[in-house]
Amino acid sequence: MEQLPFFLAYTGMGIMLAAACIGSAFGVTIGGNATIGALKKNPDMFGSAMILCALPSTQGLYGFAAFFLTLGKVKVLETLSLNASLAILAAGIALGIVGFYSAIKQASLVANGINEMANGNDVFGKTLILGVFPELYAILAFAAAFLALPA
């Protein structure tokens, strides 16, 4: 029974890392696919498109950073309360889900911008600004995961 809190905490940590990284992998692939298609029309836009493609990768970084911070706290504890472990589990699930979906939605947004850039429209800056909006929710989930850490 004394291992249950650690099991719950590590499960939350695994979810936060895996789901956020999977979302980022999907996200950069969506942006990359849009870029490959766009390069057929405008081969000179690779640099701008690559920057937009990279935006969804940050959700995976948030998942990793939260995992790393949580691991540092949990590894040094001899005991972990059930309440603290449930907080880590809940934060892990929240960050994982938010990271997963915000990366995919951010990728969808930047893919549209990349497509319009290929059509000759000057929308890089506007796409970059709008692409940050889904990121905000991943940042909030990361902050919540950080705040959920045991003292």
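Our subject is the structure that appears above.
Asker: Tell me about the overall build of the protein, and please be specific about residues and values.
Answerer: Helix and strand content of the protein: five helices and zero strands. Going residue by residue from the N terminus, the α and β elements of the protein occur as α-α-α-α-α. Within the protein, the fraction of its 151 residues that count as buried is 38%. Counting contacts in the protein only where the partners sit at least 6 residues apart, residues at least 24 apart contribute 89% of the total. Taken as a whole, the protein presents about 8,100 Å² of accessible surface, with 72% of it coming from carbon and sulfur.

Asker: Outline the side chain of Thr70, supporting the account with residue identities and numerical values.
Answerer: As for its placement among the helices and strands, Thr70 is situated in helix H3 (residues 58–75). The exposure class of Thr70 is buried, given its relative accessible area of 2%. When residues no more than four places from it in sequence are discounted, the contact partners of Thr70 are Met13, Met16, Ile88 and Leu149.

Asker: Tell me about the state of the cysteines, and please be specific about residues and values.
Answerer: Applying the stated criterion to the full structure yields zero disulfides. The closest cysteine sulfur to the non-disulfide-bonded Cys21 is located on Cys53, 18 Å from its own sulfur. Given the relative accessible area of 11%, Cys53 is considered buried.

Asker: So, helix H4 (residues 82–118): which residues are in play, and what are the values?
Answerer: Taking 1.5 Å of rise per residue, 37 residues should cover 54 Å, and H4 covers 53 Å from first to last C-alpha, within 8% of that figure. At the C-terminal side of H4, Gly120 shows a positive phi close to 95°.

Asker: For the side chain of Glu135, give the residues involved together with the corresponding values.
Answerer: Relative to the helices and strands, Glu135 is located in helix H5 (residues 124–147). At 15 Å, Lys105 is the nearest oppositely charged side chain to Glu135, a buried residue that forms no salt bridge. A polar side-chain atom of Glu135 sits 2.4 Å from a polar atom in the side chain of Thr58. Glu135 has contacts with Leu55, Thr58, Gln59, Tyr62 and Gln106, leaving out every residue within four places of it along the chain.

Asker: Lay out a nonpolar patch on the surface with the relevant residues and their values.
Answerer: A cluster of nonpolar residues, Leu4, Phe7, Leu82 and Leu86, forms a patch on the protein surface that exposes about 360 Å² of accessible area. Within the residue set of the nonpolar patch, elements represented by two or more residues are helix H1 (4–41) and H4. By relative accessible area, Leu86 is classed as partly exposed at 39%.

Asker: Residues and numbers for the nonpolar core, please.
Answerer: Counting 12 residues, the largest nonpolar core is built from Ala34, Ala38, Met45, Ala49, Leu52, Cys53, Leu55, Val110, Ala111, Ile114, Met117 and Ala118. If you list the elements that add at least two residues to this core, you get H1, helix H2 (46–54) and H4. Excluding residues within four positions of it along the chain, Leu52 makes contact with Val110, Ile114, Met117, Phe124, Thr127 and Leu128. By size, the runner-up hydrophobic cluster in this structure holds seven residues, among which are Met13, Val74, Leu80 and Ile88.

Asker: Residues and numbers for the environment of Val76, please.
Answerer: When you line up the elements, Val76 lands in the loop between H3 and H4. Of the residues examined, Val76 reaches a relative accessible area of 66% and is grouped as exposed. Placed 40 residues apart in sequence, Val76 and Glu116 show a C-alpha to C-alpha distance of 51 Å.

Rules and cut-offs
Residues numbered from 1 in each chain as written. Predicted model: local features only at pLDDT ≥ 70, side-chain atom pairs only at ≥ 80, totals over all residues. Heavy atoms only, no water. Helix = DSSP H or I, 4+ residues; strand = E, 2+ residues; numbered from the N terminus. Buried < 20%, exposed > 50% of the residue type's maximum accessible area, 1.4 Å probe, protein only. Contact = heavy atoms within 4.5 Å. Areas by Shrake-Rupley, 256 points an atom, 1.4 Å probe, with all protein chains shown as cover. Disulfide = S-S within 2.5 Å. Expected span 1.5 Å × (residues − 1). Lys, Arg positive; Asp, Glu negative; His and termini not counted. Salt bridge = Lys/Arg side-chain N within 4 Å of Asp/Glu carboxyl O. Polar contact = N/O pair within 3.5 Å; in protein donor to acceptor, adjacent residues only side chain to side chain. Patch = residues over 30% accessible without salt bridge, like charges linked within 9 Å, V, L, I, M, F, W, Y side chains within 5 Å. Core = buried A, V, L, I, M, F, W, Y, C linked by side-chain atoms within 4.5 Å.

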